Amino acid sequence: RLNCIRNNVWLACCGVLSAGLAVLSSFGLMLFCGVPFVVTVANAPFLILGVGVDDMFIMIASWEESSRKKKNADVKSLLAETYAEAALSVTITTVTDVLAFFIGTWTAFPSVRSFCLYTGTAFVFCYIYTMTFFGAIIVLNHKREQGNRHWLTCMPVGVDKDQAEKSCLYNTCCIGNCFSQSSQPESEHPMSIFFGKYYGPFLTNKWVKLLVVLLYGAYLGGSIYGCTQIREGIDLRNLVSDDSYVVPYYDDDDKYFSAYGPRVMVVITESVDYWNETVRLVIENCTQNLE
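The rules we used
Residues numbered from 1 in each chain as written. Predicted model: local features only at pLDDT ≥ 70, side-chain atom pairs only at ≥ 80, totals over all residues. Heavy atoms only, no water. Helix = DSSP H or I, 4+ residues; strand = E, 2+ residues; numbered from the N terminus. Buried < 20%, exposed > 50% of the residue type's maximum accessible area, 1.4 Å probe, protein only. Contact = heavy atoms within 4.5 Å. Salt bridge = Lys/Arg side-chain N within 4 Å of Asp/Glu carboxyl O. Expected span 1.5 Å × (residues − 1). Polar contact = N/O pair within 3.5 Å; in protein donor to acceptor, adjacent residues only side chain to side chain. Phe/Tyr/Trp six-rings, centres within 6.5 Å; stacked < 30°, edge-to-face > 60°. UniProt positions renumbered as here; feature names shortened; annotations may be inferred. Core = buried A, V, L, I, M, F, W, Y, C linked by side-chain atoms within 4.5 Å. Axes fitted to C-alpha atoms, helices over the stretch in contact; angles between N-to-C directions. Parallel < 35°, antiparallel > 145°, perpendicular 65-115°, else oblique. Left-handed = near helix turned anticlockwise from the far one by under 90°. Nonpolar A, V, L, I, M, F, W, Y, C, P; charged D, E, K, R; others polar.

Enquirer: Could you give an account of unusual backbone geometry, with specific residues and numbers?
Expert: Positioned with a positive phi, Asn-148 is a non-glycine residue whose angle comes to about 55 degrees. The topology assignment puts Asn-148 in the loop between helix H4 (110–146) and helix H5 (168–175). Looking at Asn-148, the relative accessible area reads 26%, which means it is partly exposed.

Following this line, the structure appears as structure tokens:
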């Protein structure tokens, strides 16, 4: 927003900070518990940031909706209305994400197990910080707006009688706004009007609901069939670039040597004098006998 009172830059920054705190808390707890930190875990913060920002938008949208419905309500009523609307969506999102990643801890790959533990725990902390820390930030931001304070300096913004003589930049940064916008909550968003007046009634039509059920049944059947075709394993070709020399090597290996079964390796667990010719002959005889 161009209005320096209604601008929510700090609110958005605190939403990102909330996700960052969740990552720090999760990583700290897992490292304290001795869970190995692998390279793939470095990707977890981006996942947490995406979910944290999504939760932030849900909370802010619910707060704006509550402010429009109850313009003269106190902060407690507005916050209660916000949590009543937003907490369910945030909770469902968090529960499904946490279950998905904690189920991944059953895998036989230690690196994947560590990644799922770190990320699943981070989602739990993200939920806690959204419901506590970010809710408090929304209230503080609301009090700043009610006090007609600047978004950056938090200093009271008054109405200058000579505002018309000042430049647009001065009015935007120091007075309040350049276009004489009101600092009151805006009207309903066009997207909300579309979903409320058009998409909602269309989706609740009985024939549309029947079609949705049939489409979901087909989707569910395809998903169940796809789950039966999953095979656990890693194709090493997918770990290198397409122009790497490794790709034709594995292609030839599968084409000419796949019928011979897995490789057999011999491991010597004791100290051996490899420089001794007699010892080398003994090792060679052993491998020949094994072959």
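From this point on, the discussion continues.
Enquirer: So what's going on with the side chain of Thr-119? Which residues, and what values?
Expert: Positionally, Thr-119 belongs in helix H4. Aside from chain neighbours lying at most four places away, what touches Thr-119 is Ala-44, Leu-47, Ile-48 and Phe-101.

Enquirer: Got a sec to walk through the pattern of salt bridges? Specific residues and values, please.
Expert: This model, assessed by the stated rule, comprises 2 salt bridges. One salt bridge connects Arg-68 with Glu-65, and the closest N-O pair in it is separated by 2.6 Å. Of this pair, Arg-68 and Glu-65 are both found in helix H2 (residues 44–69), 3 residues apart, which corresponds to roughly one turn of the helix. Relative accessible area serves as the criterion here: at 22%, Arg-68 is assigned to the partly exposed category. The salt bridge involving Glu-145 is made with Arg-144; its shortest N-O contact spans 4.0 Å. Side by side, Glu-145 and Arg-144 carry an identical accessibility label, which is buried.

Enquirer: Could you give me a rundown of helix H7 (residues 206–228), with the residues and numbers involved?
Expert: For H7, which comprises 23 residues, the first-to-last C-alpha distance of 33 Å matches the rise-based estimate of 33 Å (1.5 Å per residue) to within 8%. At the N-terminal end of H7, a side-chain oxygen is found 2.9 Å from the backbone nitrogen of Trp-207, two or three residues along, and the residue is Asn-205.

Enquirer: Please set out the environment of Phe-195 residue by residue, giving values where relevant.
Expert: Mapped onto the secondary structure, Phe-195 falls in helix H6 (residues 190–203). Filtering out sequence-adjacent residues up to four positions away, Phe-195 remains in contact with Gly-200 and Pro-201.

Enquirer: Tell me about the packing of aromatic side chains, and please be specific about residues and values.
Expert: Under the counting rule described, the total for this entry stands at 10 aromatic pairs. Consider the rings of Phe-194 and Phe-195, whose centres lie 5.2 Å apart with planes at 75 degrees: the pair is edge-to-face. Through a chain of ring-to-ring contacts, three or more aromatic side chains come together here, namely Phe-27, Phe-37 and Tyr-118.

Enquirer: Run through the UniProt feature "transmembrane region" (unreviewed entry) in the protein chain, naming residues and quoting values.
Expert: The UniProt record annotates "transmembrane region" (unreviewed entry) at residues 9–38, 44–63, 83–109, 115–140 and 207–226. Helix and strand shares over residues 83–109 are 78% and 0% respectively, and the end C-alpha atoms of the span are 39 Å apart. Summarising residues 207–226: 100% helix, 0% strand, and an end-to-end C-alpha distance of 29 Å.

Enquirer: Outline the nonpolar core, listing residues and values.
Expert: Nonpolar side chains in soluble globular proteins generally cluster together in the buried interior. In this structure, Phe-27, Val-41, Ile-48, Phe-101, Phe-115, Tyr-118 and Phe-123 are the most contacted members of the largest nonpolar core, which totals 18 residues. Those elements that provide at least two residues to this core are helix H1 (9–32), H2, helix H3 (75–103) and H4. Per-element tally for this core: the top contributor is H4, with 6 residues. Contact partners of Phe-123, with chain neighbours within four places excluded, come to Leu-47, Ile-48, Val-51, Thr-94, Asp-97, Val-98 and Phe-101. If you look at the next biggest cluster of nonpolar residues, it comprises 14 residues, including Leu-11, Met-56, Met-59 and Ala-87.

Enquirer: Kindly report on the side chain of Asn-141, identifying the contributing residues and their values.
Expert: Note that Asn-141 resides in helix H4. When residues no more than four places from it in sequence are discounted, the contact partners of Asn-141 are Asn-8 and Leu-11.

Enquirer: Would you mind going over the packing of H2 against H3 in detail, with residue names and values included?
Expert: It is the contact of H2 with H3, at a shortest axis distance of 8 Å, that shows an interaxial angle of 155 degrees. Between H2 and H3, the angle is such that the two are roughly antiparallel. When the axes of H2 and H3 are compared, the crossing they make is right-handed. Its residues assigned to classes, the contact of H2 with H3 shows 12 nonpolar, 7 polar and 5 charged.

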